[in-house]
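Listed here are the chains, written in short residue letters.
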Amino acid sequence: MTATAARADERIADVGVLRRLLVKPEFGALIGAVVIFVFFSIQSDVFRSPAGVANWLDGASTVGLMAVPVAMLMIGGHFDLSAGVQIGTAGLATGIMTTYWGLNVYASLVASLLLMLAIGFVNGYLVTRTGLPSFIITLGMFLGLQGINLGVTKQVTNTVQVSNLDLVPGYHLLKNILGSTVSVAGKPFQIAILWWVLFTALGSWALLKTRFGNWIFATGGDPNASKNVGVPTNRTTIALFMLTSAMAWFVGNTQIVRFGTIQAQVGIGQELIFIVAAVIGGCLLTGGYGSAIGASVGALIFGMTQQGIVYANWNSDWFKLFVGAMLLLAVLANQFVRRFAEQSRR
Amino acid sequence: MSDIEITEASEVSPGADDVPLLEIRDVTKMFGSVISLSDISTTVRAGQVTCVLGDNGAGKSTFIKILSGVYQPDRGDVLMDGEPVRFSSPREALDAGVATVFQDLAVVPLMAVWRNFFLGSEPTKGWGPFRRFDAETAKKITRAEMADMGIDIRDLDQPVGTLSGGERQSVAIARAVHFGARLLILDEPTSALGVKQAGTVLKYIVQARDKGLGVIFITHNPHHAYPVGDRFLLLKRGKSLGDFAKSEISLAELTRLMAGGAELEQLAHELEREGDKSETSALGRELLDDTKTLG
Ligand SMILES: Nc1ncnc2c1ncn2[C@@H]1O[C@H](COP(=O)(O)OP(=O)(O)OP(=O)(O)O)[C@@H](O)[C@H]1O
Ligand SMILES: [Mg+2]
């Protein structure tokens, strides 16, 4: 017995720290983020100045806030292609209720939250009930909401936007919470960055430290096995879709509060960016593996590249090419890292 | 206690005059037009082992999946403590104290050993919004339970998918043993295990039985089943070939009913004759030894 124990210890020591690091889903993305930061810092002084940092952190936070629940959903084994358009739905709903229907701003916020939770529930319910790929179900939701966003906005406002939220009573408190800036090193940083950090921490804590997190990994990893050991897989899936919609509510309302106005087609196309951030951050497309921090680092990479290209005076038309290349690189790197980590175990 | 007739009808071994832990009456299960099980009946008593034996595709896994809440029977009744029960999910069965080692083990390959061990039954600490998965307790118990099985887990954070087949099976067994409060169901738990670990599993079955649990043990190996079993349910193509108390059947008969004892013995001899140098000779000897000591 002692002999076995001694041998066991040796077997662990072989791989040790390196493996422990490598096996973290977000490890590859962290390296990537450092490389990209150094790269653009060399290219441009503005990029690493406080003003520059405030700028790309802002861009990263809008993606990152959504990337966290999208990553959790992906770990749970599903996609939400309606995650982007739901941002518009949430903002438009609050905007129309306050500026056109004259509803109290807080009542409107609660109402739009309920609306979003209902949308998330429908997504989750249909996915669990029909057993169809979430890809198809949420594609339907995506197209449907896209139509509703435009149709209702035009119907109510005769334009393709809802504006003047800044004239609504109670607006200023909201602006302080969601759309103000914090001065760091003499430069204004969007408060949304703080929210992003907070929600990333919360998401990570939920995934790794709670039983709900355990259920998310299990449901995405093997739904059948999970069900057989008593994990409420359907409830977990529905909760994840509702969580995504709740975050869309937060982000949509942050946008309308910050700018006082919102376009009917806001968020369309963003859903893929969220998925890209999650994948760059180490999420497995097949579910069961990934991290919230990784998704946020993915969003950070996205934000840095988007602004870095501008600061480096490159033609920003090529931005998406970089994103595409990074996505492929990340997937390959993650695959390699995972294989290496698993081999070094044997 | 009102069901005196049931106790008599189930004609079990002497001394067991109470209501059986589990009674299965004429259970039928169909998948579309396929009749996977038809009119199966047996009993499981607290402190006894009921073995389910049969060929591949005989319906053994389907049978236990009805008892563990994965499937619901199309006809027939399952009675627990004399009361009809209908588990509509594995969760309900677990809550009633029924723990199962499924044939496919029901582990999530990418998750750590300790996370798998407590999956679906996570211990928590803290309260309200701060309630969290008690990882220390989970790891401690997992390590202890695995050590009891004779498996020395190198690293509890290792994904279950990277364990060897036998280690993986041991995780599933240790988990069921830990959570099974009243009934323990094992679906071919020894199929991937070494001789020593298989022995440990048999020991576990005996321990669970002695603790007063009911046990359902599925195996292809009559030499594993006979020494520990109190009751034997034989299935073939979804039908019952018989439901025997141990006193009613010998190992030889059991083996013959299953696959033909003579064939098996001949196979054992053939294996031993073939290769003196090969591993198969060891297997053949083992089989022969088994037949001698038990038969
Ligand atoms: N979900 C299902 N849908 C359709 N048919 C099924 C299903 N599950 C089992 N069957 C059929 O029921 C029969 C019994 O299967 P079962 O898995 O219970 O066999 P088994 O006795 O456990 O076999 P083995 O020893 O190989 O594990 C098989 O013919 C199988 O094809
Ligand atoms: Mg089977």
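Residues numbered from 1 in each chain as written. Chains lettered and ligands numbered in written order. Predicted model: local features only at pLDDT ≥ 70, side-chain atom pairs only at ≥ 80, totals over all residues. Heavy atoms only, no water.

Novice: In this structure, what is going on with the overall build of chain A? I would like to understand it.
Specialist: In terms of helices and strands, chain A carries 15 helices and 4 strands. For a compact globule of 346 residues, the expected C-alpha radius of gyration is about 20 Å, and chain A comes in at 22 Å, within 12% of that figure. Taking the principal axes of the C-alpha coordinates as reference, chain A spans close to 75 × 55 × 35 Å. Within chain A, residue pairs in contact and separated by at least 24 positions form 76% of the contacts whose partners lie at least 6 positions apart. Within the structure as shown, chain A displays about 15400 Å² of accessible surface, and the carbon and sulfur contribution to it stands at 68%. Once the 20 positive and 12 negative side-chain charges of chain A are each reduced to a mean point, those two points are 6 Å apart. (Helix = DSSP H or I, 4+ residues; strand = E, 2+ residues; numbered from the N terminus. Rg over C-alpha atoms; globule rule 2.2 N^0.38 Å. Contact = heavy atoms within 4.5 Å. Areas by Shrake-Rupley, 256 points an atom, 1.4 Å probe, with all protein chains shown as cover. Lys, Arg positive; Asp, Glu negative; His and termini not counted. Charge placed at Lys NZ, Arg CZ, Asp CG, Glu CD.)

Novice: Sorry if this is basic, but what is going on with the site of ligand 1 here?
Specialist: All names here are of chain B. Taken together, 14 residues surround ligand 1, and among them Ser36, Gly57, Lys60, Ser61 and Thr62 come closest. Note that an oxygen atom of ligand 1 is positioned 2.7 Å from one of the side-chain N or O atoms of serine 36. Residue tyrosine 71 places a side-chain N or O atom 3.5 Å away from a nitrogen atom belonging to ligand 1. Protein chains shield 63% of the accessible area of ligand 1, which is 640 Å² for the free molecule. Counting residues per element, the shell around ligand 1 draws most heavily on helix α2 (residues 60-67), at 3 residues. Counted by class, the shell around ligand 1 contains 3 nonpolar, 8 polar and 3 charged residues. (Near = heavy atom within 4 Å. Polar contact = N/O pair within 3.5 Å; in protein donor to acceptor, adjacent residues only side chain to side chain. Nonpolar A, V, L, I, M, F, W, Y, C, P; charged D, E, K, R; others polar.)

Novice: Would you mind going over the coordination of the magnesium ion (ligand 2) with me for this structure?
Specialist: For a metal bound by four donors in a tetrahedral arrangement, the ideal donor-metal-donor angle is 109.5 degrees, while six donors in an octahedral arrangement ideally sit at 90 or 180 degrees. Residues and elements named next belong to chain B. Distances from the magnesium ion (ligand 2) to its protein donors, Ser61 (OG) and Gln103 (OE1), fall within 1.9 to 2.1 Å. Of this pair, serine 61 sits in helix α2 while glutamine 103 is found in the loop between β6 (98-101) and α4 (113-117), placing the two residues 42 residues apart along the sequence. Relative accessible area serves as the criterion here: at 41%, glutamine 103 is assigned to the partly exposed category. (Donors = N, O, S within 2.8 Å, 3.2 Å for Na, K, Ca; no water. Buried < 20%, exposed > 50% of the residue type's maximum accessible area, 1.4 Å probe, protein only.)

Novice: Where do I start with the side chain of threonine 50 of chain B in this structure?
Specialist: All names here are of chain B. Its location among the elements puts threonine 50 in strand β3 (residues 49-54). At 2.9 Å, the side chain of threonine 50 and the backbone oxygen of threonine 43 are in polar contact. When residues no more than four places from it in sequence are discounted, the contact partners of threonine 50 are Thr42, Thr43, Val44, Val215, Ile216, Phe217 and Arg231.

Novice: Explanation requested: the sheet that holds strand β10 (residues 214-218) of chain B in the structure shown.
Specialist: Note: strands within a sheet are paired through backbone hydrogen bonds, in either parallel or antiparallel orientation. Residues and elements named next belong to chain B. Judged by pairing direction, the sheet is mixed, and its 6 strands sit side by side in the order β6-β9-β10-β3-β11-β12 without closing on themselves. Edge positions in the open sheet fall to β6 and β12 (239-245), since each of these has one partner strand only. Mean inter-strand twist for the sheet, computed between neighbouring axes without regard to direction, equals 15°. Packing of α2 onto the sheet brings it into contact with β3, β6, β9 (183-187), β10 and β11 (231-236), and relative to β10 it is tilted by some 155°. Lying over the sheet, helix α6 (residues 165-179) contacts β6 and β9, oriented at roughly 170° with respect to β6. (Pairing = 2+ DSSP bridges. Axes fitted to C-alpha atoms, helices over the stretch in contact; angles between N-to-C directions.)

Novice: Would you mind showing me how to read the packing of aromatic side chains here?
Specialist: How two aromatic rings sit relative to each other is given by the distance of their centres and the angle of their planes. One pass over the full model with this rule turns up 22 aromatic pairs over all chains. Look at phenylalanine 40 of chain A and tryptophan 314 of chain A: their rings are 5.9 Å apart centre to centre, the planes differ by 55°, and that puts the pair in the tilted class. Of this pair, phenylalanine 40 of chain A sits in helix α2 (residues 27-43) while tryptophan 314 of chain A sits in the loop between α14 (292-311) and α15 (319-343), and the two are 274 residues apart along the sequence. The class of tryptophan 314 of chain A is partly exposed, set by a relative accessible area of 32%. For the pair phenylalanine 117 of chain B and phenylalanine 179 of chain B, a centre-to-centre distance of 6.4 Å together with 45° between the ring planes defines the contact as tilted. With phenylalanine 117 of chain B in helix α4 and phenylalanine 179 of chain B in helix α6, the pair connects residues that are 62 residues apart, well separated along the chain. Its relative accessible area of 0% is what places phenylalanine 117 of chain B among the buried residues. Assessed through its relative accessible area of 24%, phenylalanine 179 of chain B is described here as partly exposed. Pairwise contacts between aromatic rings join Phe37, Phe39, Phe40, Phe47, Trp56, Tyr311, Trp314 and Phe322 of chain A into one cluster. A cation over an aromatic ring shows up here: lysine 29 of chain B above the ring of phenylalanine 31 of chain B, its NZ or CZ 5.4 Å from the ring centre. (Phe/Tyr/Trp six-rings, centres within 6.5 Å; stacked < 30°, edge-to-face > 60°. Lys NZ or Arg CZ within 6 Å of the ring centre and 35° of its normal.)

Novice: Would you mind going over the confidence of the model for chain A with me for this structure?
Specialist: Looking at chain A, the pLDDT average stands at 90 and 91% of residues meet or exceed 70. pLDDT under 50 marks residues 1-14 of chain A. Its contacts with residues more than four places away, or in other chains, come to 7 contacts. (pLDDT = per-residue confidence, 0-100.)

Novice: For this particular structure, what's the right way to read the interface of chain A and chain B?
Specialist: Interface size is often expressed as the accessible area that is lost when the parts come together. Facing the 34 residues of chain A at the interface are 31 residues of chain B. Of the roughly 2700 Å² buried where chain A meets chain B, counting both sides, 54% is carbon and sulfur surface. Scanning the region where chain A abuts chain B turns up 7 residue pairs in polar contact (both at pLDDT 80 or more). Of all elements in the fold, only α1 (2-22), α9 (191-209), α10 (211-221) and α11 (223-228) of chain A reach the threshold of two or more residues within the side of chain A that touches chain B. For the side of chain A that touches chain B, the element with the most residues is α1 of chain A, which contributes 7 residues. Taken together, the residues of the side of chain A that touches chain B break down into 14 nonpolar, 10 polar and 10 charged. (Buried area = accessible area lost by both parts, 1.4 Å probe.)

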